[in-house]
Amino acid sequence: MLDSRLTRRKALAGLTALLGGALAATGRSGAAGTAAGDVHEQGSHADTQGSLHAGFAGRGRVDPGANGFDPGRILRDFDLGRTRTLSGGRTLREWDLVAVDKEIELAPGVRFAAWTYNGRVPGPTLRCREGDRLRINFLNAGSHPHTIHFHGIHPAFMDGVPGIGEELGGGLVHPGERFAYEFEAEPFGLHLYHCHAAPLAAHIAKGLYGAFVIDPRDGRPAADELVMVMNGFDTNFDGSNELYAVNTVGFHYLSEPIRVRRGELVRIYLVNVLEFDQINSFHVHANFFHYFPTGTSLTPVEFTDTVIQGQGQRGILELRFPHTGKYMFHAHKTEFAELGWMGFFEVVE
Ligand SMILES: [Cu+2]
């Protein structure tokens, strides 16, 4: 269950200690020392750093089997749905999404009563091609009314907003009810979907969201493609987040770095669904990337190493790593980084 006693500060101290453990386990004790220094400054248990490490080390790691999803796999898990060709040659692409309540583990020992699409947070990364006909069969098997609101271009009654299109079965979908969202895939780019039931912040913060990729008709250049949904969790219902992450599990990519190949094009689909905080950011060390806001143009607008996104903003990053080794990536809002939103790329030959 939720640990209502987990305050933001306690989370910081505990997770920073966890970070130390994770880094020590991968032989990066120098960075762990830096983290311990932060604990020191927060007036926490710096003199018991060793025992804190031992305490968290004893709790082990988040078990992907128990959670039912693995951030290491979510990265490259694109759900293309079921397809068939309609008369006229068009593709109908179809998915089944089920809203279910589910307790998940966000960091070792930190549990959260989430609301999920298909039992995972973020929900499946839905991927299609510009011009496809899309059908999303939604079943609400959760305990509260929900919807699926897609970003993109579509008619009002397919918008997943309470009160709109309810005479046609749309709008709010009550527990036990179904609705099929159907619309064209447009425009190409990187979008998202999320529940739009009220109170909106609560329904999003509980975990009802996912990435939605519409490929251009002619595709994009071949690349190692990664989905990163930047999120956070209010574990004590105080209206602010106690833990930040990419793809839900704090520090996951610190202990299990994302392996990429030297010189290969890496394409990151970066989505910010963070509630309660006004901005989020992504920074990569020792490298620069081309940035395509919302992915709606094939021409990048920026060559940078840091990008800021407000809630609901997203963009595509393209980069190559010229050197092997381990490179950090993290929110450049350092508080978020220290509360879980940091990781490593491990560049190999
Ligand atoms: Cu909802």
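Residues numbered from 1 in each chain as written. Predicted model: local features only at pLDDT ≥ 70, side-chain atom pairs only at ≥ 80, totals over all residues. Heavy atoms only, no water.

### Remarks on the overall build of the protein
Then, in step 1: Of regular secondary structure, the protein possesses 8 helices and 21 strands.
Then, in step 2: A total of 349 residues make up the protein; the buried ones form 53% of that total.
Then, in step 3: Within the protein, residue pairs in contact and separated by at least 24 positions form 73% of the contacts whose partners lie at least 6 positions apart.
Then, in step 4: For the protein, the exposed surface amounts to about 14200 Å²; the carbon and sulfur share of it is 52%. (Helix = DSSP H or I, 4+ residues; strand = E, 2+ residues; numbered from the N terminus. Buried < 20%, exposed > 50% of the residue type's maximum accessible area, 1.4 Å probe, protein only. Contact = heavy atoms within 4.5 Å. Areas by Shrake-Rupley, 256 points an atom, 1.4 Å probe, with all protein chains shown as cover.)

### Digging into the environment of lysine 333
Then, in step 1: If you trace the backbone, lysine 333 turns up in the loop between β20 (325-330) and α8 (334-338).
Then, in step 2: For lysine 333, a relative accessible area of 38% gives the class partly exposed.
Then, in step 3: In this structure the C-alpha to C-alpha distance between lysine 333 and histidine 283, which are 50 residues apart in sequence, comes to 9.5 Å.

### Considerations on the coordination of the copper ion
Then, in step 1: Listed as protein donors to the copper ion are His146 (ND1), Cys195 (SG) and His203 (ND1); their distances from the metal cover 1.9 to 2.0 Å.
Then, in step 2: Sequence positions of the donors to the copper ion reduce to the motif H-x48-C-x7-H. (Donors = N, O, S within 2.8 Å, 3.2 Å for Na, K, Ca; no water.)

### Quick notes on the environment of isoleucine 136
Then, in step 1: Within the secondary structure, isoleucine 136 sits in strand β6 (residues 133-140).
Then, in step 2: Linking isoleucine 136 and glycine 81, residues 55 residues apart in sequence, is a C-alpha distance of 9.3 Å.
Then, in step 3: Once residues within four sequence positions are removed from consideration, isoleucine 136 is found in contact with Trp95, Leu97, Ile148, Phe150, Phe179, Ala180, Tyr181 and Phe183.

### As for the pattern of salt bridges
Then, in step 1: In this structure the tally under the stated criterion is 19 salt bridges.
Then, in step 2: Arginine 61 is the partner of glutamate 256 in a salt bridge, and the nearest nitrogen-oxygen pair spans 2.5 Å. One end of the pair, glutamate 256, is in the loop between α7 (252-255) and β13 (258-261); the other, arginine 61, is in the loop between α3 (49-59) and α4 (64-67), with 195 residues separating them in the sequence.
Then, in step 3: The class of glutamate 256 is partly exposed, set by a relative accessible area of 30%.
Then, in step 4: Notably, a salt bridge pairs arginine 76 with aspartate 224, separated by 2.9 Å at the nearest N-O pair. Of this pair, arginine 76 sits in the loop between α5 (71-74) and β1 (78-79) while aspartate 224 sits in strand β11 (residues 224-233), and the two are 148 residues apart along the sequence. (Salt bridge = Lys/Arg side-chain N within 4 Å of Asp/Glu carboxyl O.)

### Let's talk about the sheet that holds strand β9 (residues 189-194)
Then, in step 1: Taken in spatial order, the 5 strands make up an open sheet running β1-β5-β10-β9-β7, and their pairing is mixed. Every other strand in the sheet has two partners, leaving β1 and β7 (149-150) as the edge strands with one partner each.
Then, in step 2: Looking at chain direction, β1 and strand β5 (residues 125-129) are connected through 2 bridges and run parallel. Bridge pairing in β5 links phenylalanine 78 to threonine 125. (Pairing = 2+ DSSP bridges.)

### Regarding the nonpolar core
Then, in step 1: Counting residues in hydrophobic clusters, the biggest one holds 29 residues, and the most contacted among them are Met228, Ile268, Phe282 and Phe345.
Then, in step 2: Ignoring any residue separated from it by four or fewer positions in sequence, one finds phenylalanine 345 in contact with Leu226, Met228, Ile258, Val260, Ile268, Val284, Phe321, Gly325, Lys326, Tyr327 and Phe329.
Then, in step 3: Listed in part, the 26 residues of the second largest apolar core include Ala114, Val227, Phe292 and Ile316. (Core = buried A, V, L, I, M, F, W, Y, C linked by side-chain atoms within 4.5 Å.)

### Considerations on the pairing of strand β10 (residues 209-215)
Then, in step 1: For β10, a buried count of 7 out of 7 residues is recorded, marking the element as mostly surrounded by other parts of the structure.
Then, in step 2: Across 4 bridges, the pairing between β5 and β10 is parallel. Residue pairing in the sheet places arginine 127 in a bridge with valine 213 of β10.
Then, in step 3: By the bridge criterion, 6 bridges tie β9 to β10 in an arrangement that is antiparallel. Opposite leucine 190, over in β10, you have valine 213 as the bridge partner.

### Observations concerning the packing of aromatic side chains
Then, in step 1: A full pass over the atoms with the stated rule returns 21 aromatic pairs.
Then, in step 2: Seen in terms of ring centroids, phenylalanine 179 and tyrosine 181 are 4.8 Å apart; in terms of plane orientation they differ by 85 degrees. Their pairing is edge-to-face. For the pair phenylalanine 179 and tyrosine 181, a shared accessibility class is recorded, and that class is buried.
Then, in step 3: Stacked on the ring of phenylalanine 112, the Lys or Arg lysine 206 has its end atom at 5.6 Å from the ring centre. (Phe/Tyr/Trp six-rings, centres within 6.5 Å; stacked < 30°, edge-to-face > 60°. Lys NZ or Arg CZ within 6 Å of the ring centre and 35° of its normal.)

### Regarding the environment of alanine 197
Then, in step 1: Mapped onto the elements, alanine 197 comes out in the loop between β9 and α6 (200-205).
Then, in step 2: Here the alpha-carbon distance between alanine 197 and histidine 144, two residues 53 residues apart in the chain, equals 9.1 Å.
Then, in step 3: Those residues within four positions of alanine 197 in sequence are excluded, and the remaining contacts are Pro145, His146, Thr147, Pro162, Leu172 and His203.

### Concerning the sheet that holds strand β12 (residues 243-246)
What links the strands of a sheet is backbone hydrogen bonding, and the strands pair in either a parallel or an antiparallel sense.
Then, in step 1: What the 6 strands build is an open sheet, ordered β12-β11-β14-β19-β16-β17; its pairing is mixed. The open sheet has two free edges, formed respectively by β12 and β17 (302-304), since each of these has just one partner strand. The mean angle between the axes of side-by-side strands here comes to 25 degrees, regardless of whether they run parallel or antiparallel.
Then, in step 2: Inspection of the sheet shows β11 paired to strand β14 (residues 266-272) by 7 bridges, in the parallel sense. Among the inter-strand pairings, valine 227 is bridged to a residue of β14, identified as tyrosine 269. (Axes fitted to C-alpha atoms, helices over the stretch in contact; angles between N-to-C directions.)

### Some details on the confidence of the model for the protein
Then, in step 1: Confidence in the prediction for the protein averages 86 pLDDT; 83% of positions are at 70 or higher.
Then, in step 2: Confidence drops under a pLDDT of 50 for residues 1-5, and excluding neighbours within four residues, the segment shows 10 contacts in the predicted structure.
Then, in step 3: Overall, residues 20-59 carries pLDDT values under 50, and its contacts beyond four positions in sequence, including any with other chains, amount to 36 contacts. (pLDDT = per-residue confidence, 0-100.)

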